[in-house]
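Spelled out from the first residue to the last, the chains are:
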Amino acid sequence: MQIASYKDLIAAASMQSEPQRLLFVFAKAELPEGHTTEQKSIFQSGKGGTLTPVLCVDKLPEEVETFSTLVAESLTTGFDWDVVFISALDGRGGYPPNSDQAQQPLRMMLNQINEGKIGMFITANRNGDLISLNPA
């Protein structure tokens with residue numbers, strides 16, 4: 001299935017042979033330390049910069065069926081974010097993974113993002129638009 005929207009992601013998760021738990025890493029766009037004037041100019045035009053993870057969470061698909069639900073819940077955390085990286089974790093035997101089982105995969109996801117290895121994640125902006133990022 002081609003995933004072109006958050007709605008498609010939720011639909012794809014529900015069609016899997018095992019129940020899923022969705023993994024989310026929210027990140028804030030920032031200028032890197034020691035940035036140049038050119039980098040600052042590019043960043044101010046809405047491009048460039050670095051993405052710093054600020055919040056990780058796991059949810060069952062039915063807990064965040066719409067992107068607006070995810071955003072509303074994120075607002076209660078007090079963390080500002082610009083981009084969310086999304087992945088999924090398969091369950092077993094007809095049961096979805098629990099939050100404890102999601103912790104290690106979330107840490108691995110966080111490490112991959114910090115290393116710029118983001119190609120395997122679905123990425124969305126605050127509006128819920130799926131976006132493509134090019135690591136530097």
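Throughout what follows, the structure given in this document is the object of discussion. Keep in mind that this is a model prediction, so the values were computed, not measured. (Residues numbered from 1 in each chain as written. Predicted model: local features only at pLDDT ≥ 70, side-chain atom pairs only at ≥ 80, totals over all residues. Heavy atoms only, no water.)

Here we take up helix 1 (residues 6-14). For helix 1, every residue scored as buried is listed here: Tyr-6, Leu-9, Ile-10, Ala-12 and Ala-13. The buried side chains of helix 1 occupy one side of the element, clustering within an arc of 160° when seen end-on. Among the exposed residues of helix 1, those oriented more than 90 degrees off its buried face are Lys-7 and Ser-14. Close packing links the buried residues of helix 1 with strand 1 (20-30), helix 3 (67-75), strand 3 (83-90) and strand 4 (122-125). (Buried < 20%, exposed > 50% of the residue type's maximum accessible area, 1.4 Å probe, protein only. Helix = DSSP H or I, 4+ residues; strand = E, 2+ residues; numbered from the N terminus. Arc of directions from axis to C-beta. Contact = heavy atoms within 4.5 Å.)

What the four strands build is an open sheet, ordered 2-1-3-4; its pairing is antiparallel. A single partner strand is all that each edge strand has here, and the edge strands are strand 2 (50-59) and strand 4. Each strand of the sheet is rotated relative to its neighbour by a mean of 25°, with strand direction disregarded. By the bridge criterion, eight bridges tie strand 1 to strand 3 in an arrangement that is antiparallel. Across the sheet, residue Phe-26 finds its bridge partner in strand 3, namely Val-84. (Pairing = 2+ DSSP bridges. Axes fitted to C-alpha atoms, helices over the stretch in contact; angles between N-to-C directions.)

Enumeration according to the criterion identifies five aromatic pairs in this entry. Their ring planes at 25° and their centres at 6.4 Å tell us that Phe-24 and Phe-26 sit as a pair that is stacked. A single burial state applies to Phe-24 and to Phe-26, both of which are buried. Judged by centre distance (4.9 Å) and plane angle (65°), the ring pair of Phe-26 and Trp-81 falls under edge-to-face. Here Phe-26 is found in strand 1, whereas its partner Trp-81 is found in the loop between helix 3 and strand 3, with 55 residues between them in sequence. One aromatic cluster is present, built from ring pairs that chain together Tyr-6, Phe-24, Phe-26, Phe-67 and Trp-81. In this arrangement the basic side chain of Arg-126 is found over the ring face of Trp-81, its NZ or CZ atom lying 4.6 Å from the centre. (Phe/Tyr/Trp six-rings, centres within 6.5 Å; stacked < 30°, edge-to-face > 60°. Lys NZ or Arg CZ within 6 Å of the ring centre and 35° of its normal.)

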